[in-house]
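A closer look at the structure
Chain residues, written in single-letter form:
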Amino acid sequence: MKHGLIKVAAAIPAVKVADTKFNLIETEKQIAIAEGQGVEIIVFPELSITGYTCQDLFQQQLLLDDTEQAVIDLLEFTRQLDITVIVGAPVAVGALLLNCALVIQQGKLLGIVAKTFLPNYSEFYEKRWFASSQDLRPQHILFAGNNIRVTPELQIFRTSEGATFAIEICEDVWAPTPPSNHLALAGAEIIFNLSTSDELIGKHTYLKSLLAQQSARTISGYVYSSSGFGESTQDVVFGGNALIFENGSLVKQSERFQLDPQLVISEIDIENLRSERRTNSTFVNAQRPVASGLAGVTGQIDELALHVDCLPPLNPMREFTLTREFDQHPFIPKSENMQEACDEIYNIQVSGLAKRLVHTNCKSAIIGISGGLDSTLALLVVVKTFDKLGLDRKGIVGVTMPGFGTTGRTYKNAMALMEHLGITIREIDIKASVLQHFKDIDHDPEVHDSTYENAQARERTQILMDLSNQMNGLVIGTGDLSELALGWCTYNGDHMSMYAVNAGVPKTLTQYLVRYAADTTKDENVRKTLIDIVETPISPELKPADDKGEIAQKTEDLVGPYELHDFFLYYVLRCGFRPSKIYWMAQNAFRGVYPDSVILHWMRIFFRRFFSQQFKRSCLPDGPKVGSVSLSPRGDWRMPSDAMSTNWLIELEGLS
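Basis of the calculations
Every residue gets a number counted from 1 within its own chain, in the order that chain's sequence is written. At least 70 in pLDDT is required for a residue's local features to be given in this predicted model, at least 80 for side-chain atom pairs to be given and counted, and no such filter applies to totals for whole chains, interfaces and linings, which use all residues. Computation of side-chain values: all heavy atoms of the structure, hydrogens and water removed. Helix and strand assignments come from DSSP, with helices taken as H or I runs of at least 4 residues and strands as E runs of at least 2, each series counted from the N terminus. The contact rule is simple, with two residues in contact once any of their heavy atoms fall within 4.5 Å. Only the protein chains shown count as covering a residue, and every accessible area follows the Shrake-Rupley method with a 1.4 Å probe. Counting rule applied: Lys, Arg positive; Asp, Glu negative; His and chain ends not counted. To locate a charge, take atom NZ for lysine, CZ for arginine, CG for aspartate or CD for glutamate. When two rings of Phe, Tyr or Trp (its six-membered ring) have centres within 6.5 Å they constitute a pair, described as stacked for plane angles under 30 degrees, edge-to-face for angles over 60, and tilted for the intermediate range. Note on exposure labels: buried denotes an accessible area under 20% of the residue type's maximum, exposed denotes more than 50%, and partly exposed covers the range between, all computed with a 1.4 Å probe on protein chains only. Charge-over-ring contacts are defined here by two conditions on Lys NZ or Arg CZ: a distance within 6 Å of the ring centre and an angle within 35 degrees of the ring normal. Salt bridges are counted wherever a side-chain nitrogen of Lys or Arg sits within 4 Å of a carboxyl oxygen of Asp or Glu. pLDDT is defined as a per-residue confidence score from the predictor, taking values between 0 and 100. Two strands are counted as paired when DSSP detects at least two bridges linking them. Under this scheme, a helix contributes an axis fitted over its contacting stretch, all axes are lines through C-alpha atoms, and angles between N-to-C directions fall in the 0 to 180 degree range. Handedness of a crossover: with both strands directed away from the viewer, a clockwise path from the first strand across the helix to the second marks it as right-handed. If an angle is under 35 degrees, it is roughly parallel; if it is over 145, roughly antiparallel; if it lies from 65 to 115, roughly perpendicular; otherwise it is oblique. Left-handed describes a crossing in which the near helix is turned anticlockwise from the far one by less than a right angle; the clockwise case is right-handed. Ten residues, namely Ala, Val, Leu, Ile, Met, Phe, Trp, Tyr, Cys and Pro, are considered nonpolar, four, namely Asp, Glu, Lys and Arg, are considered charged, and the remaining ones, Gly among them, are considered polar. Pairs of N or O atoms are called polar contacts if they sit within 3.5 Å, as long as, within protein, a hydrogen donor faces a hydrogen acceptor (for residues adjacent in sequence, only side-chain-to-side-chain pairs).

With that settled, consider the overall build of the protein chain. Within the protein chain, the regular secondary structure consists of 21 helices and 21 strands. If you line up the protein chain on its principal axes, its C-alpha atoms span 100 × 55 × 45 Å. If you take every contact in the protein chain between residues at least 6 apart in sequence, the share linking residues at least 24 apart comes to 73%. Surface summary for the protein chain: the accessible area is close to 27,900 Å², and the carbon and sulfur share equals 49%. When the 59 positive and 79 negative side-chain charges of the protein chain are each reduced to one mean point, those points stand 4 Å apart.

Next comes the structure, spelled out in structure tokens:
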């Protein structure tokens, strides 16, 4: 395990029905491959040693004896391996035959978990051969040379590094109250499911939805392995499913209906799961009945006892190789649901602003238009809102306020966008009033310092506020989430408004939403303008243009690439990860894009600014939350303005 990530695998081996020797060989092949790739825990399908479709052969003593011998051989095979193996096998306990999962590590049988819910409908008739774990009384048995305890009690296994996992078998997860509900509340962080589920039209989609929901509900990793080619096709067909989920998200999956064995390997982020559970007060409250079990003491779950078995340590020197990819842009929706996600974001922003306009009985909105990304997105939202409310777009007053740094490109785009969208256009040049202000406070206008910059930003805000009084309208804020995180806004300047529609939208997503609007508009003039705005360098335009009249003050040259800052922001706020882990993730996500030294440099800038600029976030105007990350002082993020970044920066210094 590295940075809280544990490497797991779901195997789909070749199988021959009732041929335990063949099945053992195929199982060992996949264990060896997985161990060689650094897998820490591997799970096989239900009844993988015998095959699931043996039917009445399960009542043959020879098959049961050969199964036990196969387990003995498997124990010997794993004796020198650094991997925990979960295989399926029938186990006889007195008068009962149980459908079981066996937990094996380094030649030892560490646990036996019996299936609880046995399907006995349609094509399934497991009760003909097997008993439920509910029929079992706790006892010790001799199996495969091990004196092992079998019990109906819920069992959790803990690795030497502290990760916890538990097991349920196939139908268990289809039950109204799956065992994994209780196991997760008792502390299990990963659920392994040994399954053999047949293929029917629509069933695969339903299965993925079921597992995703179970993983999300229990805030757990869920690793599912189901038999494929080789099982009997007498009445049904098994396509082979290997699925790995983390907190409701599909991390990796196999291809169904393959003739060859498959091994699906990925990592599950235990730290992320723990952070989510700590943050989710509903999950914490649901744990109360099993609080004693969480402390490692036998507790009660629906009158069932809980046992925690600790696994011996694996080789700590084994190299960790990451197979999982980290998304460079975690705020941007995935392509498969891009249109739906973008429409939803716009609808959230529009609905929030619509309510505020109706509540205040405002028929006009005042918005500063710079020709940049943020004001463009805000204007698009205002236009959509007015259309939704049936208000005349002329009630939207777009104000362009050229200053010392305004370039021809942004000015042209601002005017074109307002004209093509059909709103009221106001142009108010601020240069004379700002120069008068410099004279009043005795500031040299040739000194391009923070006073020079902020005076322009505050003058613009004053104009907008005064116009709102004059027109009985709302000033619409344009600043985004990324700027708020970095404090890249002028206090009581662009920092302030009457409703901040972009407050929950990070910069990378802002770019995406404007481009989406360009791709979906029917107005070719609007499309061309939006595309040029997206392609314009991000700038506050508070310092004079260069000799060619182009933007000289580029934000990303000063505070760093927004795609990096948004990456840092997501994992700091959403997951609470420490800097060293975020740095490692960024190294992997942006390999070949930014050198490690560049990533580390901007991480230092991020943490310095994030801590020092909290005072600006403590008095933000209202604005809608659109995603899982927000910096609203009334909602998701409460932080003292005096908090120190010392510990975070010290950890970063240790990485250089």
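For H3, which is not glycine, the phi torsion reads 50 degrees and is therefore positive. With respect to the secondary-structure elements, H3 resides in the segment before strand 1 (5–12).

The full count for this structure, using the stated rule, is 26 aromatic pairs. Seen from their ring centres, F404 and F438 are 6.4 Å apart, and the 20 degrees between their planes marks the pair as stacked. Taken together, the positions of F404 in the loop between strand 18 (396–400) and helix 10 (408–421) and F438 in helix 11 (residues 431–441) put the pair 34 residues apart, joining distant regions of the chain. Take F404 and F438: they sit in the same class, and that class is buried. Pairing F438 with Y452 gives two aromatic rings, centres 5.8 Å apart and planes at 20 degrees, and the pair type is stacked. With F438 in helix 11 and Y452 in helix 12 (residues 450–471), this pair connects stretches of sequence that are 14 residues apart. Of the two residues, F438 and Y452, neither departs from the other in class, the shared state being buried. Taken together, the ring pairs connect F331, F567, Y570, Y571, F577, F590 and Y594 into an aromatic cluster. One Lys or Arg, K16, reaches over the ring of F22 and ends 4.5 Å from the middle of that ring.

Taken as a whole and assessed by the stated rule, the structure comprises 27 salt bridges. The closest approach of N and O atoms between K507 and D480, which form a salt bridge, is 2.9 Å. Of this pair, K507 sits in helix 14 (residues 507–520) while D480 sits in the loop between strand 20 (474–477) and helix 13 (481–486), placing them 27 residues apart in sequence. By relative accessible area, which is 2% here, K507 ends up buried. With a relative accessible area of 0%, D480 lands in the buried category.

Among the secondary structure elements, I348 is positioned in helix 8 (residues 338–360). Note on I348: relative accessible area 29%, which makes it partly exposed. Taking the C-alpha atoms as reference points, I348 and E483, 135 residues apart in sequence, are found 20 Å from one another. Apart from the residues within four sequence positions on either side, I348 is in contact with P624, K625 and V626.

What follows covers the environment of F590. If you trace the backbone, F590 turns up in the loop between helix 18 (579–589) and helix 19 (596–612). Each C-alpha atom, one on F590 and one on F326, is 8.9 Å from the other, the two residues being 264 residues apart in sequence. Setting aside residues up to four positions removed in sequence, F590 forms contacts with Q328, E563, L564, F567 and I599.

Mean pLDDT for the protein chain: 93, with 97% of residues reaching 70 or above. Taken as a whole, residues 293–304 scores under 50 in pLDDT and shows 24 contacts with residues more than four places along the chain or in a different chain.

Right, let's get into the sheet that holds strand 2 (residues 41–43). Pairing is mixed in the open sheet, where six strands are placed in the order 5-4-3-2-1-14. In this open sheet, the two strands that pair with only one neighbour each are strand 5 (108–114) and strand 14 (262–269). Averaged over neighbouring strand pairs, the angle between their axes works out to 30 degrees when direction is ignored. Strands in contact with helix 5 (residues 270–279) are strand 1 and strand 14; relative to strand 14, the strand with the most contacts, it is inclined by about 50 degrees.

Residue alternation in strand 17 (residues 365–368) divides its side chains into two sets, A365 and I367 and I366 and G368, and both sets are buried. Bridge analysis of strand 17 against strand 18 gives four bridges, and the strand direction is parallel. Of the residues in strand 18, the one forming a bridge with I367 is G398. With helix 9 (residues 373–389) bridging strand 17 and the parallel strand 18, this β-α-β connection has right-handed handedness.

With that out of the way, let us pick up the sheet that holds strand 18. With respect to topology, five strands assemble into an open sheet ordered 19-18-17-20-21, the strand pairing being parallel. Edge positions in the open sheet fall to strand 19 (424–427) and strand 21 (499–500), since each of these has one partner strand only. Strand contacts of helix 8: strand 20 and strand 21, with the helix running at about 165 degrees to strand 20, the strand carrying the most contacts. In this fold helix 9 packs onto strand 17, strand 18 and strand 20, with an angle of close to 160 degrees to the strand it touches most, strand 17.

So, on to the packing of helix 9 against helix 14. The interhelical angle for the contact between helix 9 and helix 14, taken along N-to-C directions, is 55 degrees, at an axis separation of 10 Å. Taken together, the axis directions place helix 9 and helix 14 in an arrangement best described as oblique. The hand of the helix 9/helix 14 crossing is left-handed. Contacts from L373, D374, T376, L377 and L380 in helix 9 reach K507, T510, Q511, L513, V514 and A517 in helix 14. A per-class count over the contact of helix 9 with helix 14 returns six nonpolar, three polar and two charged.

Let us look at the side chain of S132. Secondary-structure assignment places S132 in the loop between strand 5 and strand 6 (139–143). S132 gets classed as buried once you look at its relative accessible area, which sits at 9%. Here Q134 takes part through its backbone nitrogen, which lies 3.0 Å from a polar atom of the side chain of S132. Contact partners of S132, with chain neighbours within four places excluded, come to L98, K115, T116 and L118.

Buried residues dominate strand 9 (residues 164–169), accounting for six of its six residues. Neither face of strand 9 is left uncovered, since the one carrying T164, A166 and E168 and the one carrying F165, I167 and I169 both have all their residues buried. Bridge count for strand 8 (residues 154–158) against strand 9 is two bridges, and the pairing is antiparallel. Its bridge partner lying in strand 9, R158 is registered against T164. Here strand 8 hands over to strand 9 after five residues, with G162 in that stretch at a positive phi of 95 degrees. In this sheet, strand 10 (residues 190–195) lies alongside strand 9 in parallel orientation, the contact comprising five bridges.

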